[in-house]
Amino acid sequence: MRDKNVPISRRFIIEKALQFAKTLVYDEFRGINGWLEKFKRRHGIMAKVISDESKDVDDNDSENWITETLSKILKDYKPENIFNADETALFFQCLPQKTFTFKKEKCFGGKQNKARLTVMTGHQKLKPLVIGRSKNPRCFKDAKSLKIDYDFNKKSWMTSEIFEKWVQKLDKRMIAECRKIAFVFDNYPSHPKESNQKLKNVIVF
């Protein structure tokens, strides 16, 4: 499989070993981690990262913003009324970024599947907002209720329209609870501060 750039995981090796043991009628084999470590050493196999992306963040800028700007913005709010949330992309069909391979073998990955969901979650365990591509995903069929808020668009991305709809729903909840909250987001274009014009008990920063 490595000749086709398919990542090989710890679980995959153990499952294959269990299949061979069953074929050879070797009932005593359990495929525990101790066996796997010995197998790796015997055959010169190690885990390698296929691809990785990193970007340094200026810690000083972040610290200054937190201590100077953010503290002034939030000084009039109690801690329980300060919220924060962010999105993350969930590439649910992607292959692992690490693989077991021989020490001297060069490690290349194949083309990753780009199918994705966008998930936004935040403080106080609000319902996660999941953004998919389909209006009515087949997996929701016959579902009487969901533990998430769901929306959709062609690219499964957060948009200003989806954001405003979501934050307005939260505003109605805060009005019902007689709470005024500050919600801190990053400056991504889909988090428009103009949303505040339509809100009563939620202020977006």
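Definitions and cut-offs
- Residues numbered from 1 in each chain as written.
- Predicted model: local features only at pLDDT ≥ 70, side-chain atom pairs only at ≥ 80, totals over all residues.
- Heavy atoms only, no water.
- Helix = DSSP H or I, 4+ residues; strand = E, 2+ residues; numbered from the N terminus.
- Buried < 20%, exposed > 50% of the residue type's maximum accessible area, 1.4 Å probe, protein only.
- Contact = heavy atoms within 4.5 Å.
- Areas by Shrake-Rupley, 256 points an atom, 1.4 Å probe, with all protein chains shown as cover.
- Salt bridge = Lys/Arg side-chain N within 4 Å of Asp/Glu carboxyl O.
- pLDDT = per-residue confidence, 0-100.
- Polar contact = N/O pair within 3.5 Å; in protein donor to acceptor, adjacent residues only side chain to side chain.
- Core = buried A, V, L, I, M, F, W, Y, C linked by side-chain atoms within 4.5 Å.
- Expected span 1.5 Å × (residues − 1).
- Arc of directions from axis to C-beta.

As for the overall build of the chain
Scanning the chain from terminus to terminus reveals four helices and eight strands. Counting helices and strands in the order they occur from the N terminus, the chain gives α-α-β-α-β-β-β-β-β-α-β-β. A total of 205 residues make up the chain; the buried ones form 30% of that total. Of the contacts formed within the chain by residues at least 6 apart in sequence, a portion of 60% connects residues at least 24 apart. Just so you have it, the chain exposes about 15300 Å², and 54% of that area is on carbon and sulfur atoms.

Re the pattern of salt bridges
Under the criterion given, the structure shown has seven salt bridges. Taking the shortest distance from any N to any O, the salt bridge between Asp76 and Lys75 comes out at 3.5 Å. Overall, the relative accessible area of 64% leaves Asp76 in the exposed class. Between Glu177 and Arg179 there is a salt bridge, and its shortest N-O distance comes to 3.4 Å. Salt bridges sharing partners connect three or more residues here, namely Arg173, Glu177 and Arg179.

Observations concerning the confidence of the model for the chain
Overall, the prediction assigns the chain a mean pLDDT of 79, with 80% of residues at 70 or greater. Averaged over each element, pLDDT in the chain is lowest for strand 4 (residues 117–122) (60) and highest for helix 4 (residues 160–176) (93). Low pLDDT, under 50, characterises residues 52–56; the predicted model gives this stretch zero contacts beyond four residues in sequence or across chains.

Here's the deal with the side chain of Glu164
You can see Glu164 is positioned in helix 4. When its relative accessible area of 19% is taken as the criterion, Glu164 is described as buried. One polar contact links Glu164 to Lys198, side chain to side chain, over a distance of 3.4 Å. Beyond its immediate stretch of four places on either side in the chain, Glu164 contacts Pro192, Ser195 and Lys198.

Observations regarding the side chain of Lys40
Secondary-structure assignment places Lys40 in helix 2 (residues 33–43). In this structure Lys40 touches Arg10, Ile45 and Phe100, once residues within four positions along its chain are discounted.

What to know about the nonpolar core
Core analysis: the biggest nonpolar cluster contains 18 residues, and Trp166, Leu170, Phe183 and Val202 have the highest contact counts within it. Mapped onto this core, the elements with two or more residues apiece are strand 2 (82–90), strand 5 (129–132), helix 4, strand 7 (181–184) and strand 8 (202–204). With six residues, helix 4 is the single largest residue contributor to this core. Counting residues in hydrophobic clusters, the runner-up holds six residues, among them Ile13, Leu36, Ile45 and Phe100.

Details of unusual backbone geometry
Glycine aside, residues mostly have negative phi angles, and peptide bonds mostly take the trans form. Of note, the phi angle at Val25 is positive, near 55°, even though the residue is not glycine. Among the secondary structure elements, Val25 is positioned in the loop between helix 1 (10–23) and helix 2. Non-glycine residue Cys178 carries a positive phi angle of around 55°. Of note, Cys178 is situated in the loop between helix 4 and strand 7.

A few points about helix 1
Along its 14 residues, helix 1 runs 20 Å from first to last C-alpha, staying within 8% of the 20 Å computed at 1.5 Å per residue. Ile13, Ile14, Ala17 and Ala21 are the residues of helix 1 that are buried. Projected down its long axis, helix 1 carries its buried residues within an arc of 95°, all on one side. Turned more than 90 degrees away from the buried face of helix 1 sit Lys22 and Thr23, all of them exposed.

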